[in-house]
Amino acid sequence: MHSFGYRANALLTFAVTILAFICAIASFSDNFSNQAPSAQIQILNINWFQKQPHGNDEVSLTMNITADLQSLFTWNTKQVFAFVAAEYETSKNTLNQVSLWDAIIPEKEEANFWIQISNKYRFIDQGHNLRGKDFNLTLHWHVMPKTGKMFADKIVMSGYRLPNAEMEVKARAPGKIILAGEHAVVHGSTAVAAAIDLYTYVTLRLPLQSDENNDRLTLQLKNLSLEFTWSVARLKEGIAYDSSNVSPSTPASCSSQTLKSIAVLVEEQNIPEAKIQLSSGISTFLWLYTSVLGFIPATVIITTELPYGSGLGSSAAFCVALTAALIASSSSDKTRGDGWSSLDETNLELLNKWAFEGEKIIHGKPSGIDNTVSAYGNMIKFCSGEITRLKSNMPLRMLITNTKVGRNTKALVSGVSERAVRHPEAMNSVFNAVDSISKEVAAIIQTKDEMSVTEKEERVKELMEMNQGLLESMGVSHSSTDTVIQTTHKHKLTSKLTGAGGGGCVLTLLPTLVSGTVVDKVVQELESSGFQCFTASIGGNGAEICF
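Residues numbered from 1 in each chain as written. Predicted model: local features only at pLDDT ≥ 70, side-chain atom pairs only at ≥ 80, totals over all residues. Heavy atoms only, no water.

Looking up the protein chain in an unreviewed UniProt entry gives the name Mevalonate kinase, with the organism given as Brassica napus.

Dropping the structure here:
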C-alpha cells in the first residue's frame with residue numbers, strides 16, 4: 001500500500017495539474033473575447049512652446065482624451081495600464097517616444113472616460129527638433145490578467161503638428177451703431193447702441209521665449225499696407241513709466257509724461273503725412289501692449305472690415321480686439337475649443353477697462369459706449385454715464401451706408417450745445433423726445449410678448465423716422481444723409497444717421513420681408529452716388545478669441 005506521503009504528493013500533483021489546466025483554459029478564453037477599444041485625442045491648445053536655456057525644445061499641451069477600453073475587461077482581467085505617448089521621427093532616430101499621460105484602470109466601469117488635461121510629463125526633445133514637427137499621439141495599453149500572460153496593444157492617431165517657432169493668438173471685436181439717442185445723450189438723454197457683425201481682427205504672434213534672434217515688436221496694418229517696427233531695447237529706453245505702478249490686472253490711464261515718450265517713438269516711424277491721423281492709434285497700441293505684456297518681441301497684425309472715421313466704432317474695435325489678444329496670450333487658461341470663443345466675465349470686464357483707457361488716448365474724453373458694445377456685444381442703453389446691457393429678442397438687419405463725408409465730431413457736438421443755449425426750452429423738448437424714443441426702442445427689442453416681428457419692425461421704423469427728424473432739428477444732418485434717405489424712401493425703406501452726423505454713416509432698416517432684389521437695387525443706386533454700402537446683423541457677439 002502507498003504511504004500517506006506518497007498519496008499526499010499524488011493528490012497535490014493532481015490538484016496543481018488541474019489548477020494549471022484551469023488557468024490555461026482561463027487564459028486561452030481571453031482569445032475569444034470581443035475586444036473593440038476606441039480612443040480619440042484632441043489637442044485643445046499649445047499652452048506654451050519654449051526653448052530651454054540649454055537649447056532643448058519643450059512644449060506644454062492641453063488635450064481632450066476620450067477612450068472606451070471596457071471591452072478589454074473580462075472575468076480574467078485584474079487591471080489595465082494605459083498611457084499616451086507623443087511619437088515622432090528625427091534625422092537621428094526613426095522613433096522618438098515621449099510619455100505625456102498615464103493611468104491605472106482597476107475596474108471596467110472606469111474604463112470609459114473623458115478627461116481634459118495638460119501633459120502630465122514634460123514634453124522635451126533633446127535638441128530643437130519639435131518646431132514644425134509632425135507627430136502621432138498613441139494610446140498604449142497593457143492588460144494585466146489574473147492568470148496567464150500580460151498582453152499589450154495600441155491605437156495610433158496621426159495628423160498632429162507643432163508650430164514652427166511661435167504661439168499665435170487671434171482676437172476679433174465688432175463695430176457698433178447708435179440706434180437712437182445721438183447728441184441728446186450728451187444732454188442727459190438715453191441712447192441705445194448695438195454691435196454689428198463687421199469686425200476688426202488682431203493676430204498676435206509671439207516667438208519662442210528664449211529666441212535671442214528676434215527682439216523686435218512689429219505692427220502691421222494690412223488694410224493700409226503699413227508696417228512699423230521697434231526694437232525691444234528702444235521701447236524700454238523710450239517709454240518712461242514706473243513698471244511698479246502698471247499691472248496687467250489693474251488698468252490705468254496713460255500719464256501725459258508717458259504719452260509724450262510714446263509720441264517720440266511714433267514720430268521715429270516717419271508716418272506718411274496722409275496717414276498722420278494714425279499717430280494716436282499707434283500710440284494706443286504701444287501703451288496697451290507694453291502695459292499688458294511688457295517688453296517682449298512679437299508681431300501684431302491688424303485687419304478690419306470697418307471703414308475708418310465713419311462713426312462705426314473702428315477705434316474701439318481696435319482697442320478691444322488688441323486687448324483681448326493680449327489678455328488671452330498672457331492667460332494661463334488657454335483651453336479653448338475649435339473656432340471663436342468668448343472670454344469669461346472677469347476677463348471681459350478687464351479688457352473693457354483697458355480698451356477704455358486706449359480710447360482715452362485716441363479721443364480724449366470718450367463716453368465708454370463704443371468699447372463697451374464692442375467688448376460685450378449685443379446692445380446697451382446709456383444714460384448719464386450709466387451703461388445697461390440689453391438682451392435683444394428680435395432679429396435686426398441694417399443696410400449701413402458710408403457717405404465718405406468726413407466730419408468734425410467736436411464741432412458738431414459744440415453746435416448742438418450752442419443751439420441748446422440759444423433755444424433752451426425748445427431743445428429741452430427735443431432732448432426729452434429723443435429720450436422717450438430711445439427708451440421705447442430698448443423696450444421693443446427686449447420684449448418677449450406675442451407682438452410679431454413685423455409689428456416690432458414697423459414700430460422701430462417709425463421711431464427711426466422721428467429720431468432722424470429730431471436730429472435734423474439739432475442741425476447735425478447733411479446733404480449726403482438726405483440723399484441716402486431720399487433714395488431708400490423711394491423703396492419704402494426708412495433711414496437715419498448714426499453717430500455724430502454731418503456725413504459719416506446712415507442706417508437703413510431692412511425688414512424681414514424685404515426682398516433681396518429691392519436691397520440690391522437700393523445698394524446699386526447708393527453706390528452709383530459714390531457711397532459705400534454694407535449689410536449687417538445687429539446685436540451679435542462681442543470680443544472673441546481663437547488659438
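Still to come is the rest of the account.
Asks: How should I be thinking about the packing of helix α5 (residues 314-330) against helix α7 (residues 369-376) in this particular structure?
Replies: A pair of packed helices can be characterised by two numbers: the angle between their axes and the separation between those axes. Running from amino to carboxyl end, α5 crosses α7 at an angle of 50°, the nearest separation of the two axes being 8 Å. Taken together, the axes of α5 and α7 are oblique relative to one another. At the point where α5 passes α7, the crossing takes the right-handed sense. Taken together, the residues of α7 that come into contact with α5 (itself represented by Ala316, Ala317 and Val320) are Asp370, Asn371, Ser374 and Ala375. (Axes fitted to C-alpha atoms, helices over the stretch in contact; angles between N-to-C directions. Helix = DSSP H or I, 4+ residues; strand = E, 2+ residues; numbered from the N terminus. Parallel < 35°, antiparallel > 145°, perpendicular 65-115°, else oblique. Left-handed = near helix turned anticlockwise from the far one by under 90°. Contact = heavy atoms within 4.5 Å.)

Asks: Can you help me understand the UniProt feature "domain: GHMP kinase C-terminal" (unreviewed entry) in the protein chain in this one?
Replies: The feature "domain: GHMP kinase C-terminal" (unreviewed entry), as annotated in UniProt, sits at residues 458-511 in this numbering. Counted over residues 458-511, helix gives 52% and strand 17%. Its end C-alpha atoms are 8 Å apart. (UniProt positions renumbered as here; feature names shortened; annotations may be inferred.)

Asks: Is there a simple way to explain the packing of aromatic side chains in this structure?
Replies: On inspection of all chains with the given rule, the structure shows ten aromatic pairs. A centroid spacing of 6.4 Å and a plane angle of 45° characterise the contact between tyrosine 88 and phenylalanine 123, whose relative ring orientation is tilted. Taken together, the residues tyrosine 88 in strand β3 (residues 77-88) and phenylalanine 123 in strand β6 (residues 123-125) connect sequence positions 35 residues apart. Like tyrosine 88, the residue phenylalanine 123 is buried in the burial classification. (Phe/Tyr/Trp six-rings, centres within 6.5 Å; stacked < 30°, edge-to-face > 60°. Buried < 20%, exposed > 50% of the residue type's maximum accessible area, 1.4 Å probe, protein only.)

Asks: Got a minute to help me understand the side chain of glutamate 357 in this structure?
Replies: Position of glutamate 357 among the secondary structure elements: in helix α6 (residues 345-363). Every residue in contact with glutamate 357, bar those within four places of it in the chain, is listed here: Ala252, Ser253 and Trp287.

Asks: I would appreciate a short explanation of the domain arrangement of the protein chain in the present structure.
Replies: Buried accessible area, meaning the area lost when the parts come together, often serves as the stated size of an interface. Domain annotation of the protein chain identifies domain 1 (1-32), domain 2 (35-164) and domain 3 (167-390 + 540-546). Between the C-alpha centres of domain 2 and domain 3 there is a distance of 39 Å. (Domains from an automatic or database assignment.)

Asks: When you look at the sheet that holds strand β7 (residues 134-145) in this model, what are you seeing that I'm missing?
Replies: Strand pairing in a sheet relies on backbone hydrogen bonds. The paired strands run either parallel or antiparallel. On the basis of which strands lie adjacent, the open sheet formed by four strands has the order β4-β3-β7-β8 and antiparallel pairing. On the outer flanks of this sheet lie β4 (96-105) and β8 (151-161), each paired with one strand and no other. Averaged over all pairs of adjacent strands, the angle between their axes in this sheet comes to 20°, without regard to strand direction. (Pairing = 2+ DSSP bridges.)

Asks: For this particular structure, what's the right way to read α7?
Replies: The periodicity of an α-helix, 3.6 residues per turn, causes residues three or four places apart in sequence to face the same way. For α7, the buried fraction is high: seven of the eight residues fall into the buried class. Within the sequence span of α7, burial applies to Ile369, Asn371, Thr372, Val373, Ser374, Ala375 and Tyr376. A positive backbone phi angle near 75° is found at glycine 377, which sits one or two residues after α7.

Asks: For this particular structure, what's the right way to read a nonpolar patch on the surface?
Replies: Side chains of Phe14, Ile18 and Ile22 sit close together on the surface and give an oily, nonpolar patch of about 300 Å² of accessible area. By the secondary structure assignment, isoleucine 22 is in helix α1 (residues 4-29). (Patch = residues over 30% accessible without salt bridge, like charges linked within 9 Å, V, L, I, M, F, W, Y side chains within 5 Å. Areas by Shrake-Rupley, 256 points an atom, 1.4 Å probe, with all protein chains shown as cover. Salt bridge = Lys/Arg side-chain N within 4 Å of Asp/Glu carboxyl O.)

Asks: I would appreciate a short explanation of the sheet that holds strand β20 (residues 532-537) in the present structure.
Replies: Strand order in this open sheet of four strands is β18-β19-β17-β20, and the pairing throughout is antiparallel. Each edge of the open sheet carries a strand with a single partner, namely β18 (495-498) and β20. When strand polarity is set aside, the average angle formed by the axes of neighbouring strands in this sheet is 30°. Where strand β17 (residues 397-402) lies against strand β19 (residues 505-509), five bridges are found, and the strand directions are antiparallel. Opposite isoleucine 400, over in β19, you have leucine 507 as the bridge partner. Running at roughly 55° to β18, helix α10 (residues 453-474) makes contact with β17, β18 and β19 of the sheet.

Asks: I keep staring at the pattern of salt bridges and nothing clicks. Help me out?
Replies: Side chains that differ in charge, positive against negative, can pair when their charged atoms come close. Counted according to the given criterion, the structure contains 13 salt bridges. Between glutamate 345 and arginine 389 there is a salt bridge; the shortest N-O distance is 2.8 Å. Pair noted here: glutamate 345 is in helix α6 and arginine 389 is in strand β16 (residues 386-390), with a separation of 44 residues, a long-range link. On the accessibility criterion, arginine 389 (46% relative accessible area) is partly exposed.

Asks: Sorry if this is basic, but what is going on with α10 here?
Replies: Compared with the 32 Å implied by 1.5 Å per residue over 22 residues, the 31 Å span of α10 between its first and last C-alpha is a close match. Where α10 terminates, the next one or two residues include glycine 475, which has phi positive at roughly 85°. (Expected span 1.5 Å × (residues − 1).)

Asks: Help me understand the side chain of aspartate 102, please; the structure alone is not making it clear to me.
Replies: Position of aspartate 102 relative to the elements: it lies in strand β4. On the accessibility criterion, aspartate 102 (16% relative accessible area) is buried. A distance of 2.8 Å separates polar atoms of two side chains, one belonging to aspartate 102 and the other to lysine 120. Looking at aspartate 102, its side chain comes within polar contact range of the side chain of tyrosine 121, at 2.9 Å. Those residues in contact with aspartate 102, other than ones at most four positions away along the chain, are Phe81, Ala82, Phe83, Lys120 and Tyr121. (Polar contact = N/O pair within 3.5 Å; in protein donor to acceptor, adjacent residues only side chain to side chain.)

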